[in-house]
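What follows is the residue order along each chain.
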Amino acid sequence: MPVARAAKIEVSFTLNGAPVTVRALPMARLLDVLREDLRLTGTKEGCGEGECGACSVFLNGRLVTSCLVPIMQAEGARVETIEGVADQPDVVPIREAFVACNGSQCGICTPGMILATTALLRARPNPAETEVREALAGNLCRCTGYVKIFEAVARAAEARRGAAGGVR
Amino acid sequence: MRAWLPGYDLLRAKSLDAALRILADGGGETRVFAGGTDLMVLLESGDLPPGRFVSVWGLPELSGISVTDAHVTLGALTTYTEIQAHPVLRAEYPMLCEAARLTGATAIQNRGTIGGNIVNASPAADSPPALLVYGAEVELISAARGARWVGYDGFHTGYKRMDRRPDELLRAVRLPRTPGGSGAVHFYRKVGTRGAQAISKVMIAALGRRDAAGVVADCRISLGSVAPIVLRCRKTEAVCLDRPLTAEVIAAARAAVMDEVTPIDDIRSTKAYRRVVSGNLVAQFLALLAK
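Residues numbered from 1 in each chain as written. Chains lettered and ligands numbered in written order. Predicted model: local features only at pLDDT ≥ 70, side-chain atom pairs only at ≥ 80, totals over all residues. Heavy atoms only, no water.

Draft legend 1. Up close: the overall build of chain A. Within chain A, the regular secondary structure consists of six helices and five strands. Listed N to C, the secondary structure of chain A is β-β-α-β-β-β-α-α-α-α-α in terms of helices and strands. Whereas a compact globule of 168 residues would reach a radius of gyration of roughly 15 Å, chain A reaches 17 Å, a difference of no more than 12%. Judged by the C-alpha coordinates and their principal axes, chain A covers about 60 × 30 × 25 Å. In chain A, buried positions account for 51% of the 168 residues. Carbon and sulfur atoms make up 49% of the accessible area of chain A, which totals about 7,600 Å². (Helix = DSSP H or I, 4+ residues; strand = E, 2+ residues; numbered from the N terminus. Rg over C-alpha atoms; globule rule 2.2 N^0.38 Å. Buried < 20%, exposed > 50% of the residue type's maximum accessible area, 1.4 Å probe, protein only. Areas by Shrake-Rupley, 256 points an atom, 1.4 Å probe, with all protein chains shown as cover.)

Pasting the structure below:
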């Protein structure tokens, strides 16, 4: 079979609320385009095979591992990284809880942990601990032993419910 | 990244017809790309053969779950997240939902698709044992020959081989309604190093029902990671069918399944362990059915 010679393509999408257009090879990983071309280095590379969750981003509002997304599939999509999510009002209490509970040590897993926690708490504001463990099962941390992370999620859930005036 | 990226072209199909034309024009060399949860892993490790791919991600013709009196039909792009959230699937096909819940973790479940899981054709995939037991059929479509439905049992013809021509796309999977009827036992277990992310060492999907006299009226057993293809264990089923579930019958079924599986030693487990666990899982299922 002759080896294909892919040409660079233009891909336009919404990144953290603003339109962007990049030129890249179609199979380039969203992870690399974010970090190398767009200089958003909050998204980390851990395993590069979808096992560790460090490269998590939101794609059209859903948590995905950006190492497994070819840039071509970002065309027309809404992409949100930790840089765009961290200051959102319902995410600030999650960030603060991770700091307060020492839920972050070396920090490589933290952006992914914050995004996975955000996805969880937006769907289930009052999760049981088993639900927290399942929601974060795709995010590996080699520092904390997870207990402090689970504490941070519980604290964040409580703070978010308080901030919402107990309505949620 | 061990792959040389210019060697991989990825075209965007704007419709199902466009995707089928690209597959037809590619002389059998163009490969379908959906959620990327298998292919991108191979790309990263340098194990994905270079060439041309067509992305079908987002095509409405391949998306969505529809329900009729006779079937539930899942578009090939139905994700594991969508499977777990669907009320009819949760009520009638609990093993498929459990398989979806145990595939990867949230981020993978948002991208991995049922069609991709089938055509990736891994004998260690989580949902195929449930699909086999639920009597699934798959729809294949091509520009040249239109659509055809085939039974999922028999679709995989050998390790990573299947009854799919190079220009064919898997469009949908359908399941007959209320498998086993009310009162059926649905038993799904995945044995691996952990629930999330890990690929299984052995897994079972089994469905059974006893009649009023306690005799086994329905018995379907499927095992994953124990043969070149996901295995429907018909010899083991025959040991149980039309019999009461005595200790002798359960022991005979355990022996039968240990004979029926053909596991191998690999990085995840051993032949001997897989054989013993296959027997244990069948015995566990039958003990539950006997209650």
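Draft legend 2. Examining the interface of chain B and chain A more closely. Every contact between the two is made by 36 residues of chain B and, on the other side, 33 residues of chain A. The tally of links from chain B across to chain A stands at two salt bridges. For the salt bridge of Glu44(B) with Arg29(A), the shortest nitrogen-to-oxygen distance reads 3.0 Å. Scanning the region where chain B abuts chain A turns up 10 residue pairs in polar contact (both at pLDDT 80 or more). Of all the elements, strand S1 (residues 8-12) of chain B adds the most residues to the side of chain B that touches chain A, at five residues. (Contact = heavy atoms within 4.5 Å. Salt bridge = Lys/Arg side-chain N within 4 Å of Asp/Glu carboxyl O. Polar contact = N/O pair within 3.5 Å; in protein donor to acceptor, adjacent residues only side chain to side chain.)

Draft legend 3. Just helix H6 (residues 147-163) of chain A, in detail. The end-to-end C-alpha distance of H6(A) is 24 Å, a good match for the 24 Å that 17 residues give at a rise of 1.5 Å each. Tucked into the core, H6(A) has its buried residues touching helix H3 (92-100), helix H4 (110-123) and helix H5 (129-135) of chain A. (Expected span 1.5 Å × (residues − 1).)

Draft legend 4. Just unusual backbone geometry, in detail. Phi is positive for Tyr146(A), close to 75 degrees, though the residue is something other than glycine. Within the fold, Tyr146(A) resides in the loop between H5 and H6. Unusually for a residue other than glycine, Ala121(B) sits at a positive phi of about 60 degrees. Here Ala121(B) lies in the loop between helix H7 (114-119) and helix H8 (128-133).

Draft legend 5. Examining the domain arrangement of chain A more closely. All names here are of chain A. Each assigned domain of chain A is listed with its residue range as follows: domain 1 (9-84) and domain 2 (92-163). Computed from C-alpha atoms alone, the centre-to-centre distance between domain 1 and domain 2 is 22 Å. Across the contact, 11 residues belong to domain 1 and 12 residues belong to domain 2. Between domain 1 and domain 2, roughly 980 Å² of surface is buried when both sides are summed, and carbon and sulfur atoms account for 71% of that area. It is Phe58, Leu63 and Ile82 in domain 1 that bury the most area against domain 2; as a group they hold 42% of the surface buried on that side. For the interface between domain 1 and domain 2, the tally reads zero salt bridges. Linking domain 1 with domain 2 are three residue pairs in polar contact (both at pLDDT 80 or more), by the criterion used here. Broken down by element, the residue count for the side of domain 1 that touches domain 2 peaks at three residues, all from strand S3 (residues 56-59). Across the side of domain 1 that touches domain 2, the residue classes tally to six nonpolar, three polar and two charged. (Domains from an automatic or database assignment. Buried area = accessible area lost by both parts, 1.4 Å probe. Nonpolar A, V, L, I, M, F, W, Y, C, P; charged D, E, K, R; others polar.)

Draft legend 6. Local environment of the sheet that holds strand S2 (residues 31-33) of chain B. Residues and elements named next belong to chain B. The three strands lie next to each other as S1-S3-S2, forming an open sheet whose pairing is parallel. Only two strands of the sheet have a single neighbouring strand rather than two, namely S1 and S2. Taken pair by pair, the neighbouring strands of this sheet meet at an average axis angle of 35 degrees, ignoring direction. One ladder, built from three bridges, connects S2 with strand S3 (residues 51-55); its direction is parallel. Bridge pairing in S3 places phenylalanine 33 opposite serine 55. (Pairing = 2+ DSSP bridges. Axes fitted to C-alpha atoms, helices over the stretch in contact; angles between N-to-C directions.)

Draft legend 7. Spatial organisation of the nonpolar core. Counting 38 residues, the largest nonpolar core has Phe13(A), Met27(A), Ile71(A), Leu43(B) and Phe53(B) as its most contacted members. For this core, the secondary structure elements donating two or more residues are strand S1 (9-15), strand S2 (18-24), helix H1 (30-37) and S3 of chain A together with S1 and helix H2 (39-45) of chain B. In terms of residue count, the dominant contributor to this core is H1(A) (four residues). Dropping the residues within four chain positions of it, Ile71(A) is found in contact with Val11(A), Phe13(A), Val22(A), Ala24(A), Leu25(A), Pro26(A), Ala28(A), Leu30(A) and Val33(A). (Core = buried A, V, L, I, M, F, W, Y, C linked by side-chain atoms within 4.5 Å.)

Draft legend 8. Broad picture of the packing of H4(A) against H6(A). Residue and element names in this part refer to chain A. Between H4 and H6, the least distance of the axes is 11 Å, while the angle of their chain directions is 45 degrees. Relative to H6, the element H4 is oriented oblique. The handedness of the crossing between H4 and H6 comes out as right-handed. In this structure, H4 contributes Met113, Thr117, Leu120, Leu121 and Arg122 to the contact, and H6 contributes Ile149, Val153, Ala156, Ala157 and Arg160. (Parallel < 35°, antiparallel > 145°, perpendicular 65-115°, else oblique. Left-handed = near helix turned anticlockwise from the far one by under 90°.)

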